[in-house]
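Topology and contacts: notes
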Amino acid sequence: MDEQVIIVGAGPVGMLAACELLQQGAAVRLIDASREHSAHSRATIVWPRLLELMRRTGLTDRIVDHGHRIAGVAYFSSGRRQATAWMDRLPDTPYPFAVAIAQSETERLLEARLAELGGKIERGVRLTSVGAPGGPAVRVVLEGPGGGTEEVEASWLIGADGAHSTLRKLLGVPYEGAQFDVSFSVTDAEVAGDAPMDVVSYCYTPEGSLALGPLGRDVTRVAVSVPHAVDDTPPSREFFQRLMDERGPGRNRLGELRFSTTFRVHARTAGTFRLGRCLLIGDAAHIMSPAGAQGMNTGLQDAVNIGWRLGGVLEGRLPEEALAGYDAERRRAAHAVARTTALQTHWGLLRDPRRIAVRDAALRAADATGLLQRSLSPLVAQTGTTYRPGEGTPDPLRTTARPTRRVRPGDRLPALPAPLDGGGDGGGARTVASDGGAWLQVDARRHTVVLWPGRRPDPRWAGVARRVRALAGPAYAVAEAAPGRETGLAEALGPRPAVALVRPDGHIIDVLGADRAAELEDLLRSALRRPDPAGA
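What comes next is a walk through the structure. (Residues numbered from 1 in each chain as written. Predicted model: local features only at pLDDT ≥ 70, side-chain atom pairs only at ≥ 80, totals over all residues. Heavy atoms only, no water.)

**Looking at the overall build of the chain**
For clarity, the cut-off: Only runs of H or I of at least four residues qualify as helices and only runs of E of at least two qualify as strands under DSSP, and these elements are numbered from the N terminus. Here the radius of gyration uses the C-alpha set of atoms, whereas the globule reference equals 2.2 Å times the residue count to the power 0.38. Contacts were defined at the residue level, with two residues in contact if any of their heavy atoms lie within 4.5 Å. Reported accessibility uses the Shrake-Rupley method at a 1.4 Å probe radius. Residues are deemed covered only where the shown protein chains occlude them. Positive charges are assigned to Lys and Arg, negative charges to Asp and Glu, while His and the chain termini are left out of the count. We put the charge of a Lys on NZ, of an Arg on CZ, of an Asp on CG and of a Glu on CD.
Scanning the chain from N- to C-terminus turns up 13 helices and 26 strands. A globule of 536 residues ought to have a C-alpha radius of gyration of about 24 Å, and the chain, at 23 Å, matches this closely. The principal-axis extent of the C-alpha atoms belonging to the chain is close to 70 × 65 × 35 Å. Within the chain, counting contacts between residues at least 6 apart in sequence, those at least 24 apart form 74% of the total. For the chain, the exposed surface amounts to about 21,400 Å²; the carbon and sulfur share of it is 49%. Here the chain carries 66 positive and 62 negative side-chain charges, and the mean point of each set is 5 Å from the other.

If you want it as C-alpha coordinates, here you go:
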(Lines give C-alpha, C1' and ligand atoms only; values in the text may rest on other atoms or scores of the structure.)
Protein backbone atom coordinates (compact mmCIF):
# COMPACT_ATOMS: atom_id res chain seq x y z
CA MET A 1 0.00 0.00 0.00
CA ASP A 2 1.46 3.38 -1.04
CA GLU A 3 -0.54 5.54 1.36
CA GLN A 4 -2.66 4.78 4.42
CA VAL A 5 -4.94 7.84 4.24
CA ILE A 6 -5.07 10.61 1.65
CA ILE A 7 -7.08 13.71 2.57
CA VAL A 8 -8.05 15.99 -0.31
CA GLY A 9 -8.50 19.58 0.84
CA ALA A 10 -6.52 21.44 3.51
CA GLY A 11 -9.10 23.81 4.88
CA PRO A 12 -10.06 23.67 8.56
CA VAL A 13 -12.04 20.43 8.16
CA GLY A 14 -9.30 18.59 6.28
CA MET A 15 -6.60 19.76 8.68
CA LEU A 16 -8.61 18.74 11.76
CA ALA A 17 -9.23 15.28 10.27
CA ALA A 18 -5.49 14.98 9.61
CA CYS A 19 -4.66 16.00 13.20
CA GLU A 20 -7.15 13.48 14.59
CA LEU A 21 -5.61 10.64 12.58
CA LEU A 22 -1.97 11.65 13.07
CA GLN A 23 -2.45 11.63 16.84
CA GLN A 24 -3.68 8.05 16.56
CA GLY A 25 -0.58 6.94 14.67
CA ALA A 26 -2.04 6.94 11.15
CA ALA A 27 0.05 7.81 8.11
CA VAL A 28 -1.70 10.78 6.49
CA ARG A 29 -1.03 12.58 3.23
CA LEU A 30 -2.82 15.95 3.04
CA ILE A 31 -3.05 17.59 -0.39
CA ASP A 32 -4.66 20.80 -1.61
CA ALA A 33 -5.06 22.05 -5.17
CA SER A 34 -4.60 25.66 -4.07
CA ARG A 35 -1.10 26.97 -3.62
CA GLU A 36 -2.00 29.13 -0.59
CA HIS A 37 -4.72 29.81 1.96
CA SER A 38 -7.69 31.90 0.89
CA ALA A 39 -7.26 35.49 2.04
CA HIS A 40 -11.01 35.84 2.65
CA SER A 41 -13.24 33.45 4.55
CA ARG A 42 -16.82 33.30 5.72
CA ALA A 43 -16.48 31.23 8.91
CA THR A 44 -15.84 33.26 12.07
CA ILE A 45 -17.50 31.52 15.06
CA VAL A 46 -16.46 28.39 16.98
CA TRP A 47 -19.41 27.24 19.08
CA PRO A 48 -19.21 25.53 22.52
CA ARG A 49 -19.55 21.96 21.22
CA LEU A 50 -16.55 22.39 18.94
CA LEU A 51 -14.52 23.84 21.80
CA GLU A 52 -15.26 20.60 23.65
CA LEU A 53 -14.33 18.35 20.72
CA MET A 54 -11.24 20.23 19.57
CA ARG A 55 -9.75 19.59 23.00
CA ARG A 56 -9.03 16.11 21.62
CA THR A 57 -6.37 17.60 19.37
CA GLY A 58 -5.05 20.25 21.76
CA LEU A 59 -6.58 23.18 19.89
CA THR A 60 -9.23 24.55 22.23
CA ASP A 61 -7.00 26.64 24.50
CA ARG A 62 -5.22 28.11 21.47
CA ILE A 63 -8.50 29.14 19.84
CA VAL A 64 -9.81 30.65 23.08
CA ASP A 65 -6.55 32.57 23.62
CA HIS A 66 -6.52 34.01 20.08
CA GLY A 67 -10.23 34.70 19.70
CA HIS A 68 -12.93 36.98 21.09
CA ARG A 69 -15.48 35.55 23.52
CA ILE A 70 -19.13 35.75 22.51
CA ALA A 71 -21.79 35.54 25.22
CA GLY A 72 -24.82 34.91 23.01
CA VAL A 73 -26.86 35.64 19.88
CA ALA A 74 -29.21 38.64 19.87
CA TYR A 75 -32.17 39.14 17.54
CA PHE A 76 -33.28 42.64 16.56
CA SER A 77 -36.28 43.84 14.56
CA SER A 78 -36.15 47.33 13.03
CA GLY A 79 -33.48 48.28 15.55
CA ARG A 80 -35.21 46.92 18.67
CA ARG A 81 -33.82 43.94 20.53
CA GLN A 82 -36.42 41.16 20.67
CA ALA A 83 -34.61 38.21 22.25
CA THR A 84 -31.21 36.74 23.09
CA ALA A 85 -30.02 33.13 23.07
CA TRP A 86 -27.26 33.13 25.69
CA MET A 87 -24.26 30.84 25.45
CA ASP A 88 -23.04 31.92 28.88
CA ARG A 89 -26.19 30.50 30.50
CA LEU A 90 -25.82 27.00 29.11
CA PRO A 91 -25.67 24.73 32.18
CA ASP A 92 -24.09 21.61 30.72
CA THR A 93 -20.87 22.63 28.97
CA PRO A 94 -17.41 23.48 30.31
CA TYR A 95 -17.24 26.18 27.60
CA PRO A 96 -20.30 28.40 28.14
CA PHE A 97 -19.30 30.86 25.41
CA ALA A 98 -18.52 30.97 21.72
CA VAL A 99 -15.27 32.22 20.22
CA ALA A 100 -15.20 34.67 17.33
CA ILE A 101 -12.05 34.16 15.30
CA ALA A 102 -11.25 34.72 11.64
CA GLN A 103 -11.06 31.50 9.65
CA SER A 104 -7.59 32.50 8.49
CA GLU A 105 -6.45 32.52 12.14
CA THR A 106 -8.18 29.18 12.80
CA GLU A 107 -6.33 27.75 9.80
CA ARG A 108 -3.02 29.13 11.07
CA LEU A 109 -3.52 27.45 14.46
CA LEU A 110 -4.56 24.18 12.81
CA GLU A 111 -1.57 24.17 10.47
CA ALA A 112 0.79 24.83 13.38
CA ARG A 113 -0.70 21.88 15.27
CA LEU A 114 -0.49 19.75 12.12
CA ALA A 115 3.23 20.50 11.85
CA GLU A 116 3.76 19.62 15.53
CA LEU A 117 2.24 16.21 14.81
CA GLY A 118 4.57 15.64 11.87
CA GLY A 119 2.06 16.47 9.15
CA LYS A 120 2.33 18.91 6.26
CA ILE A 121 0.23 20.26 3.42
CA GLU A 122 1.23 19.45 -0.16
CA ARG A 123 -0.02 22.56 -1.92
CA GLY A 124 -0.66 22.70 -5.65
CA VAL A 125 -1.36 18.93 -5.76
CA ARG A 126 -4.73 18.01 -7.23
CA LEU A 127 -6.71 14.80 -7.48
CA THR A 128 -7.47 13.92 -11.12
CA SER A 129 -8.67 10.31 -11.06
CA VAL A 130 -10.18 7.76 -8.65
CA GLY A 131 -10.46 4.03 -9.26
CA ALA A 132 -11.77 1.01 -7.36
CA PRO A 133 -13.38 2.92 -4.45
CA GLY A 134 -15.10 -0.26 -3.30
CA GLY A 135 -12.03 -2.50 -3.48
CA PRO A 136 -9.34 -3.27 -0.90
CA ALA A 137 -7.50 -0.08 -1.91
CA VAL A 138 -8.40 3.12 -3.73
CA ARG A 139 -6.36 3.90 -6.84
CA VAL A 140 -5.78 7.62 -7.38
CA VAL A 141 -3.91 9.82 -9.82
CA LEU A 142 -2.42 13.04 -8.46
CA GLU A 143 -1.12 15.96 -10.50
CA GLY A 144 1.68 18.04 -9.01
CA PRO A 145 2.36 21.79 -9.27
CA GLY A 146 4.56 21.28 -12.32
CA GLY A 147 1.99 19.19 -14.19
CA GLY A 148 3.61 15.81 -13.53
CA THR A 149 1.39 12.95 -12.36
CA GLU A 150 1.77 10.01 -10.00
CA GLU A 151 -0.40 6.96 -9.46
CA VAL A 152 -0.80 5.77 -5.86
CA GLU A 153 -3.00 3.49 -3.81
CA ALA A 154 -4.55 4.43 -0.50
CA SER A 155 -6.37 2.48 2.19
CA TRP A 156 -8.80 5.39 2.61
CA LEU A 157 -9.52 8.56 0.66
CA ILE A 158 -11.21 11.51 2.43
CA GLY A 159 -12.73 14.41 0.50
CA ALA A 160 -12.61 17.68 2.44
CA ASP A 161 -12.34 19.73 -0.74
CA GLY A 162 -15.36 21.97 -0.39
CA ALA A 163 -18.68 22.53 -2.10
CA HIS A 164 -17.11 22.00 -5.53
CA SER A 165 -15.46 18.77 -4.37
CA THR A 166 -13.39 17.06 -7.03
CA LEU A 167 -13.64 13.73 -5.20
CA ARG A 168 -17.43 13.88 -5.02
CA LYS A 169 -17.65 14.66 -8.73
CA LEU A 170 -15.20 11.90 -9.70
CA LEU A 171 -17.26 9.42 -7.68
CA GLY A 172 -20.46 10.58 -9.39
CA VAL A 173 -22.17 11.30 -6.06
CA PRO A 174 -25.13 13.67 -6.55
CA TYR A 175 -25.20 16.98 -4.67
CA GLU A 176 -28.77 18.15 -4.46
CA GLY A 177 -30.79 20.68 -2.51
CA ALA A 178 -32.27 24.16 -2.64
CA GLN A 179 -31.10 27.62 -3.61
CA PHE A 180 -32.34 30.45 -1.38
CA ASP A 181 -33.58 33.52 -3.19
CA VAL A 182 -31.06 35.69 -1.40
CA SER A 183 -27.44 36.73 -1.64
CA PHE A 184 -25.19 38.12 1.08
CA SER A 185 -22.53 40.79 0.88
CA VAL A 186 -19.80 40.31 3.48
CA THR A 187 -16.96 42.40 4.84
CA ASP A 188 -14.69 42.77 7.86
CA ALA A 189 -14.39 46.30 9.23
CA GLU A 190 -14.07 48.25 12.45
CA VAL A 191 -17.49 49.14 13.85
CA ALA A 192 -17.87 51.96 16.37
CA GLY A 193 -21.18 52.87 17.95
CA ASP A 194 -24.18 51.25 19.59
CA ALA A 195 -23.83 47.68 18.29
CA PRO A 196 -23.10 45.28 21.20
CA MET A 197 -19.66 43.71 21.09
CA ASP A 198 -20.36 40.71 23.37
CA VAL A 199 -22.97 39.03 21.14
CA VAL A 200 -23.58 38.13 17.52
CA SER A 201 -26.42 40.38 16.35
CA TYR A 202 -29.02 39.44 13.74
CA CYS A 203 -30.94 42.54 12.70
CA TYR A 204 -34.15 42.10 10.70
CA THR A 205 -36.00 44.83 8.80
CA PRO A 206 -38.61 44.78 6.00
CA GLU A 207 -35.82 45.88 3.64
CA GLY A 208 -33.52 42.96 4.53
CA SER A 209 -31.24 41.60 7.23
CA LEU A 210 -27.89 42.53 8.75
CA ALA A 211 -25.58 40.34 10.84
CA LEU A 212 -22.76 41.62 13.04
CA GLY A 213 -20.17 39.26 14.45
CA PRO A 214 -17.50 41.00 16.57
CA LEU A 215 -14.06 39.48 16.01
CA GLY A 216 -12.48 41.64 18.71
CA ARG A 217 -12.15 45.30 19.54
CA ASP A 218 -10.65 46.12 16.16
CA VAL A 219 -12.86 44.34 13.62
CA THR A 220 -16.39 43.00 13.11
CA ARG A 221 -17.76 40.66 10.47
CA VAL A 222 -20.64 42.40 8.68
CA ALA A 223 -23.07 40.50 6.44
CA VAL A 224 -26.12 41.99 4.69
CA SER A 225 -28.80 40.38 2.54
CA VAL A 226 -28.82 41.91 -0.94
CA PRO A 227 -30.28 41.35 -4.42
CA HIS A 228 -28.33 38.93 -6.56
CA ALA A 229 -25.16 40.51 -7.92
CA VAL A 230 -24.96 41.27 -11.65
CA ASP A 231 -21.15 41.29 -11.68
CA ASP A 232 -18.13 40.62 -9.43
CA THR A 233 -17.61 44.20 -8.29
CA PRO A 234 -16.81 44.19 -4.55
CA PRO A 235 -19.32 46.25 -2.53
CA SER A 236 -17.97 49.58 -1.25
CA ARG A 237 -17.67 50.98 2.26
CA GLU A 238 -20.44 53.47 1.43
CA PHE A 239 -22.72 50.59 0.44
CA PHE A 240 -22.19 48.79 3.77
CA GLN A 241 -22.51 52.04 5.75
CA ARG A 242 -25.86 52.81 4.13
CA LEU A 243 -27.26 49.37 4.99
CA MET A 244 -25.81 49.60 8.50
CA ASP A 245 -27.68 52.89 8.98
CA GLU A 246 -30.91 51.37 7.67
CA ARG A 247 -30.80 48.02 9.49
CA GLY A 248 -28.36 48.16 12.40
CA PRO A 249 -29.02 48.62 16.12
CA GLY A 250 -28.63 52.31 16.95
CA ARG A 251 -26.00 54.47 15.27
CA ASN A 252 -22.76 52.90 14.08
CA ARG A 253 -19.85 53.88 11.91
CA LEU A 254 -17.82 51.56 9.71
CA GLY A 255 -14.08 51.96 9.28
CA GLU A 256 -12.10 50.85 6.26
CA LEU A 257 -13.03 47.47 4.77
CA ARG A 258 -10.54 44.60 5.09
CA PHE A 259 -12.21 42.92 2.09
CA SER A 260 -15.70 42.63 0.58
CA THR A 261 -17.51 40.06 -1.52
CA THR A 262 -21.00 38.85 -2.45
CA PHE A 263 -22.21 35.26 -2.72
CA ARG A 264 -25.48 33.43 -3.27
CA VAL A 265 -26.88 31.12 -0.58
CA HIS A 266 -27.30 27.39 -1.29
CA ALA A 267 -28.23 24.37 0.78
CA ARG A 268 -27.14 21.02 -0.64
CA THR A 269 -26.37 17.51 0.63
CA ALA A 270 -24.37 14.73 -1.02
CA GLY A 271 -26.29 11.59 -1.95
CA THR A 272 -23.95 9.59 0.30
CA PHE A 273 -21.12 10.57 2.65
CA ARG A 274 -19.35 7.25 2.09
CA LEU A 275 -18.72 5.22 -1.05
CA GLY A 276 -16.56 2.19 -0.29
CA ARG A 277 -13.22 3.49 0.98
CA CYS A 278 -14.00 7.08 0.02
CA LEU A 279 -15.47 9.46 2.61
CA LEU A 280 -16.86 12.99 2.25
CA ILE A 281 -16.69 15.52 5.08
CA GLY A 282 -17.44 19.22 5.49
CA ASP A 283 -18.75 21.21 2.52
CA ALA A 284 -17.95 18.29 0.24
CA ALA A 285 -20.80 16.49 2.02
CA HIS A 286 -23.16 19.38 2.82
CA ILE A 287 -23.56 23.14 2.62
CA MET A 288 -26.15 25.31 4.34
CA SER A 289 -27.18 28.92 4.81
CA PRO A 290 -24.58 31.03 6.59
CA ALA A 291 -27.28 32.31 8.98
CA GLY A 292 -26.30 31.11 12.43
CA ALA A 293 -22.64 30.58 11.45
CA GLN A 294 -23.00 26.79 11.62
CA GLY A 295 -21.33 25.51 8.45
CA MET A 296 -17.68 25.20 9.50
CA ASN A 297 -18.65 23.86 12.93
CA THR A 298 -20.78 21.16 11.33
CA GLY A 299 -17.92 20.16 9.04
CA LEU A 300 -15.47 20.04 11.94
CA GLN A 301 -17.86 17.68 13.77
CA ASP A 302 -17.69 15.46 10.66
CA ALA A 303 -13.91 15.42 11.01
CA VAL A 304 -14.09 14.36 14.66
CA ASN A 305 -16.72 11.69 13.96
CA ILE A 306 -14.71 10.12 11.18
CA GLY A 307 -11.47 10.70 13.11
CA TRP A 308 -12.20 8.49 16.12
CA ARG A 309 -13.93 5.87 13.96
CA LEU A 310 -11.26 5.57 11.26
CA GLY A 311 -8.45 5.99 13.79
CA GLY A 312 -9.82 3.01 15.71
CA VAL A 313 -10.04 0.95 12.52
CA LEU A 314 -6.47 1.78 11.46
CA GLU A 315 -5.11 1.00 14.94
CA GLY A 316 -7.00 -2.30 15.02
CA ARG A 317 -9.15 -1.34 18.00
CA LEU A 318 -12.33 -1.26 15.93
CA PRO A 319 -13.46 -3.34 12.94
CA GLU A 320 -14.21 -1.66 9.62
CA GLU A 321 -17.89 -2.10 10.46
CA ALA A 322 -17.48 0.72 12.99
CA LEU A 323 -17.47 3.20 10.08
CA ALA A 324 -21.01 2.22 9.10
CA GLY A 325 -22.70 4.80 11.32
CA TYR A 326 -20.80 7.82 10.00
CA ASP A 327 -23.13 8.59 7.08
CA ALA A 328 -26.36 8.19 9.05
CA GLU A 329 -25.20 10.20 12.07
CA ARG A 330 -23.63 13.11 10.27
CA ARG A 331 -26.36 13.27 7.61
CA ARG A 332 -29.00 13.52 10.34
CA ALA A 333 -26.96 16.16 12.19
CA ALA A 334 -26.37 18.19 9.02
CA HIS A 335 -30.08 18.16 8.19
CA ALA A 336 -30.90 19.33 11.73
CA VAL A 337 -28.42 22.22 11.50
CA ALA A 338 -29.62 23.12 7.99
CA ARG A 339 -33.16 23.36 9.28
CA THR A 340 -32.14 25.80 12.02
CA THR A 341 -30.11 27.95 9.61
CA ALA A 342 -32.94 27.93 7.06
CA LEU A 343 -35.34 29.10 9.78
CA GLN A 344 -33.06 32.00 10.69
CA THR A 345 -32.62 32.86 7.00
CA HIS A 346 -36.41 32.87 6.61
CA TRP A 347 -36.78 35.20 9.61
CA GLY A 348 -34.62 37.76 7.82
CA LEU A 349 -36.56 37.58 4.54
CA LEU A 350 -40.00 38.44 5.92
CA ARG A 351 -41.55 41.53 4.32
CA ASP A 352 -45.25 41.33 5.19
CA PRO A 353 -46.01 43.42 8.34
CA ARG A 354 -48.35 40.76 9.74
CA ARG A 355 -45.78 37.99 9.43
CA ILE A 356 -43.09 40.24 10.89
CA ALA A 357 -45.38 40.96 13.85
CA VAL A 358 -45.92 37.22 14.39
CA ARG A 359 -42.16 36.52 14.22
CA ASP A 360 -41.33 39.29 16.68
CA ALA A 361 -44.09 38.28 19.09
CA ALA A 362 -42.91 34.66 18.96
CA LEU A 363 -39.31 35.71 19.68
CA ARG A 364 -40.31 37.91 22.60
CA ALA A 365 -42.57 35.24 24.08
CA ALA A 366 -39.92 32.53 23.68
CA ASP A 367 -37.39 34.81 25.35
CA ALA A 368 -39.70 35.74 28.23
CA THR A 369 -40.72 32.12 28.97
CA GLY A 370 -37.20 30.70 28.70
CA LEU A 371 -38.15 28.60 25.68
CA LEU A 372 -35.54 30.30 23.51
CA GLN A 373 -32.83 29.54 26.06
CA ARG A 374 -33.90 25.92 26.51
CA SER A 375 -34.46 25.09 22.84
CA LEU A 376 -32.59 27.44 20.50
CA SER A 377 -29.44 28.09 22.53
CA PRO A 378 -28.31 24.40 22.53
CA LEU A 379 -29.01 24.17 18.78
CA VAL A 380 -26.91 27.25 18.03
CA ALA A 381 -24.18 26.11 20.45
CA GLN A 382 -24.36 22.62 18.86
CA THR A 383 -24.39 21.13 22.35
CA GLY A 384 -27.81 19.88 21.33
CA THR A 385 -26.31 17.69 18.60
CA THR A 386 -27.80 14.25 19.06
CA TYR A 387 -27.61 10.94 17.24
CA ARG A 388 -30.87 9.61 18.66
CA PRO A 389 -32.18 7.12 16.10
CA GLY A 390 -35.07 8.28 13.96
CA GLU A 391 -35.66 11.67 15.55
CA GLY A 392 -35.87 14.98 13.78
CA THR A 393 -35.14 18.40 15.21
CA PRO A 394 -38.09 20.42 16.50
CA ASP A 395 -38.81 24.01 15.52
CA PRO A 396 -37.33 25.90 18.51
CA LEU A 397 -40.20 28.41 18.59
CA ARG A 398 -42.96 25.82 18.26
CA THR A 399 -41.83 23.44 20.98
CA THR A 400 -44.14 23.82 23.96
CA ALA A 401 -43.02 21.05 26.32
CA ARG A 402 -40.20 21.72 28.75
CA PRO A 403 -37.43 19.36 27.60
CA THR A 404 -35.90 16.98 30.11
CA ARG A 405 -32.15 17.14 30.59
CA ARG A 406 -32.00 13.37 31.11
CA VAL A 407 -29.80 11.89 28.41
CA ARG A 408 -30.76 9.08 26.07
CA PRO A 409 -28.79 6.91 23.63
CA GLY A 410 -27.28 9.18 20.98
CA ASP A 411 -27.16 12.26 23.19
CA ARG A 412 -23.98 13.99 24.26
CA LEU A 413 -22.94 13.41 27.87
CA PRO A 414 -21.84 16.61 29.66
CA ALA A 415 -18.22 15.49 29.92
CA LEU A 416 -14.88 16.48 28.42
CA PRO A 417 -13.19 14.42 25.68
CA ALA A 418 -9.64 13.73 26.79
CA PRO A 419 -6.69 14.96 24.68
CA LEU A 420 -5.61 12.36 22.12
CA ASP A 421 -1.93 12.87 22.85
CA GLY A 422 -2.35 11.81 26.46
CA GLY A 423 -1.90 15.34 27.72
CA GLY A 424 -4.86 14.80 30.03
CA ASP A 425 -5.27 12.15 32.68
CA GLY A 426 -7.28 9.78 30.49
CA GLY A 427 -10.79 8.48 30.93
CA GLY A 428 -12.24 8.97 34.38
CA ALA A 429 -10.08 11.91 35.40
CA ARG A 430 -11.72 15.06 36.67
CA THR A 431 -10.74 18.24 34.88
CA VAL A 432 -11.32 21.81 35.95
CA ALA A 433 -12.51 23.65 32.86
CA SER A 434 -12.57 27.34 32.00
CA ASP A 435 -15.84 27.79 33.88
CA GLY A 436 -14.27 26.51 37.11
CA GLY A 437 -16.39 23.36 37.18
CA ALA A 438 -15.13 19.80 37.57
CA TRP A 439 -15.99 17.76 34.48
CA LEU A 440 -15.61 14.05 33.93
CA GLN A 441 -13.31 13.06 31.07
CA VAL A 442 -14.07 10.32 28.57
CA ASP A 443 -11.19 8.36 27.07
CA ALA A 444 -9.73 9.63 23.81
CA ARG A 445 -9.50 6.24 22.08
CA ARG A 446 -11.59 3.66 23.93
CA HIS A 447 -15.24 3.71 24.88
CA THR A 448 -15.72 4.79 28.50
CA VAL A 449 -18.00 3.00 30.95
CA VAL A 450 -19.30 5.67 33.31
CA LEU A 451 -20.36 4.41 36.74
CA TRP A 452 -22.96 6.74 38.24
CA PRO A 453 -23.84 5.80 41.84
CA GLY A 454 -26.88 8.06 42.00
CA ARG A 455 -27.68 10.82 44.45
CA ARG A 456 -28.26 8.50 47.43
CA PRO A 457 -26.12 5.55 48.61
CA ASP A 458 -27.33 2.15 47.39
CA PRO A 459 -26.00 -0.90 49.27
CA ARG A 460 -26.03 -2.94 46.05
CA TRP A 461 -23.94 -0.45 44.09
CA ALA A 462 -20.50 -1.64 45.21
CA GLY A 463 -21.25 -5.12 43.83
CA VAL A 464 -22.56 -3.70 40.57
CA ALA A 465 -19.44 -1.55 40.17
CA ARG A 466 -17.11 -4.52 40.76
CA ARG A 467 -18.93 -6.59 38.15
CA VAL A 468 -18.85 -3.74 35.62
CA ARG A 469 -15.10 -3.26 36.08
CA ALA A 470 -14.51 -6.95 35.57
CA LEU A 471 -16.59 -6.99 32.40
CA ALA A 472 -14.96 -3.87 30.96
CA GLY A 473 -11.44 -5.29 31.00
CA PRO A 474 -8.68 -3.56 29.03
CA ALA A 475 -10.88 -2.80 25.99
CA TYR A 476 -12.81 -0.10 27.86
CA ALA A 477 -11.96 2.80 30.12
CA VAL A 478 -13.94 3.01 33.37
CA ALA A 479 -14.85 6.30 35.02
CA GLU A 480 -16.54 6.32 38.40
CA ALA A 481 -18.39 9.57 39.04
CA ALA A 482 -18.99 11.10 42.43
CA PRO A 483 -22.30 12.89 43.11
CA GLY A 484 -21.80 16.58 43.68
CA ARG A 485 -18.34 16.66 42.10
CA GLU A 486 -18.90 16.34 38.36
CA THR A 487 -20.83 19.19 36.81
CA GLY A 488 -24.01 18.22 34.99
CA LEU A 489 -23.97 14.45 35.53
CA ALA A 490 -26.75 14.36 38.12
CA GLU A 491 -29.10 16.19 35.78
CA ALA A 492 -28.03 14.09 32.80
CA LEU A 493 -28.12 10.61 34.35
CA GLY A 494 -30.83 11.12 36.97
CA PRO A 495 -31.06 10.45 40.71
CA ARG A 496 -30.73 6.65 40.57
CA PRO A 497 -27.61 4.52 39.94
CA ALA A 498 -26.81 3.95 36.28
CA VAL A 499 -24.11 2.68 33.93
CA ALA A 500 -23.52 4.72 30.77
CA LEU A 501 -21.44 3.54 27.82
CA VAL A 502 -19.89 6.58 26.14
CA ARG A 503 -17.90 6.88 22.91
CA PRO A 504 -14.65 8.83 22.51
CA ASP A 505 -16.64 11.79 21.15
CA GLY A 506 -18.78 11.94 24.30
CA HIS A 507 -21.98 10.58 22.74
CA ILE A 508 -23.85 7.85 24.58
CA ILE A 509 -24.29 4.35 23.19
CA ASP A 510 -26.67 3.32 25.98
CA VAL A 511 -27.61 4.02 29.58
CA LEU A 512 -28.48 1.07 31.84
CA GLY A 513 -30.13 1.40 35.22
CA ALA A 514 -28.59 -0.69 38.00
CA ASP A 515 -31.41 -3.20 37.53
CA ARG A 516 -30.26 -3.70 33.89
CA ALA A 517 -26.56 -4.12 34.66
CA ALA A 518 -26.78 -7.76 33.56
CA GLU A 519 -27.26 -6.51 29.98
CA LEU A 520 -23.88 -4.80 30.02
CA GLU A 521 -21.90 -7.81 28.79
CA ASP A 522 -23.90 -8.02 25.56
CA LEU A 523 -23.72 -4.25 25.15
CA LEU A 524 -19.94 -4.19 25.51
CA ARG A 525 -19.55 -6.99 23.02
CA SER A 526 -21.70 -5.32 20.37
CA ALA A 527 -20.37 -1.78 20.91
CA LEU A 528 -16.91 -2.69 19.65
CA ARG A 529 -18.44 -3.82 16.36
CA ARG A 530 -20.99 -1.04 15.89
CA PRO A 531 -20.45 1.95 18.20
CA ASP A 532 -23.83 3.43 17.35
CA PRO A 533 -26.55 4.46 19.82
CA ALA A 534 -28.86 1.72 21.08
CA GLY A 535 -31.73 1.33 18.67
CA ALA A 536 -29.82 2.68 15.67
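**Quick notes on the sheet that holds strand β3 (residues 45–46)**
The line we're drawing: Here, strands pair whenever DSSP counts at least two bridges between them.
Reading across the sheet, the three strands line up as β3-β7-β4 and stay open at both edges, with antiparallel pairing between neighbours. Each of the sheet's edge strands pairs with one partner strand only, and the pair in question is β3 and β4 (68–70). Across three bridges, the pairing between β4 and strand β7 (residues 98–100) is antiparallel. Counterpart to histidine 68 in the pairing with β7 is alanine 100.

**Overview of the pairing of strand β6 (residues 80–86)**
Remember that side chains alternate between the two faces of the sheet whenever the strand is regular. Applied cut-off: For the exposure calls, accessible area comes from a 1.4 Å probe over protein chains only, and a residue counts as buried if that area is under 20% of its type's maximum, exposed if over 50%, partly exposed in between.
For β6, a buried count of five out of seven residues is recorded, marking the element as mostly surrounded by other parts of the structure. In this structure, strand β5 (residues 72–77) lies alongside β6, joined through six bridges in antiparallel fashion. Looking across to β6, one finds that valine 73 is bridged to alanine 85. Adjacent in sequence and paired antiparallel, β5 and β6 are bridged by two residues, among which serine 78 carries a positive phi angle near 50°.

**Quick look at the environment of serine 183**
For the record, the criterion: Side-chain atoms alone can form a polar contact between residues adjacent in sequence; in general such a contact is a pair of N or O atoms within 3.5 Å, and within protein one must be able to donate a hydrogen while the other accepts it.
Among the structural elements, serine 183 can be located in strand β12 (residues 175–193). Taking the C-alpha atoms as reference points, serine 183 and valine 337, separated by 154 residues in sequence, lie 20 Å from one another. Those residues in contact with serine 183 that lie beyond four places of it in its chain are Val224, Ser225, Val226, Pro227, His228, Thr262, Phe263 and Arg264. Side chain to side chain, serine 183 and histidine 228 meet in a polar contact 2.8 Å long.

**Remarks on the pattern of salt bridges**
Put simply, the rule reads: Whenever a carboxyl oxygen of Asp or Glu lies within 4 Å of a side-chain nitrogen of Lys or Arg, that contact is scored as a salt bridge.
What the rule picks out here adds up to 34 salt bridges. The salt bridge involving glutamate 105 is made with arginine 108; its shortest N-O contact spans 2.6 Å. Of this pair, glutamate 105 and arginine 108 both sit in helix α4 (residues 103–116), three residues apart, which is roughly one turn of the helix. The class for arginine 108 is partly exposed, based on a relative accessible area of 43%. The partner of glutamate 521 in a salt bridge is arginine 525, and the shortest N-O contact between them spans 3.6 Å. In this pair, glutamate 521 and arginine 525 are both assigned in helix α13 (residues 520–527), four residues apart and thus about one turn of the helix distant.

**Regarding the sheet that holds strand β23 (residues 448–452)**
Definition in use: As a rule, the C-alpha atoms of each element are fitted with a line to give its axis, helices using only the stretch in contact, and angles between N-to-C directions run from 0 to 180 degrees.
Spatially, four strands are ordered β24-β23-β25-β26 in an open sheet, and the strand pairing comes out mixed. Among the strands making up the open sheet, the edge pair consists of β24 (477–480) and β26 (508–513). Sheet twist, expressed as the mean angle between neighbouring strand axes with direction ignored, is 15°. Sheet topology places β23 next to strand β25 (residues 498–502); five bridges connect them, and they run antiparallel. When the sheet's bridge partners are listed, tryptophan 452 is paired in β25 with alanine 498. Together, β23, β24 and β25 form the strand contacts of helix α11 (residues 461–472), whose direction differs from that of β23 by roughly 175°. Here α13 sits on the sheet in contact with β23, β25 and β26, set at roughly 175° to β26.

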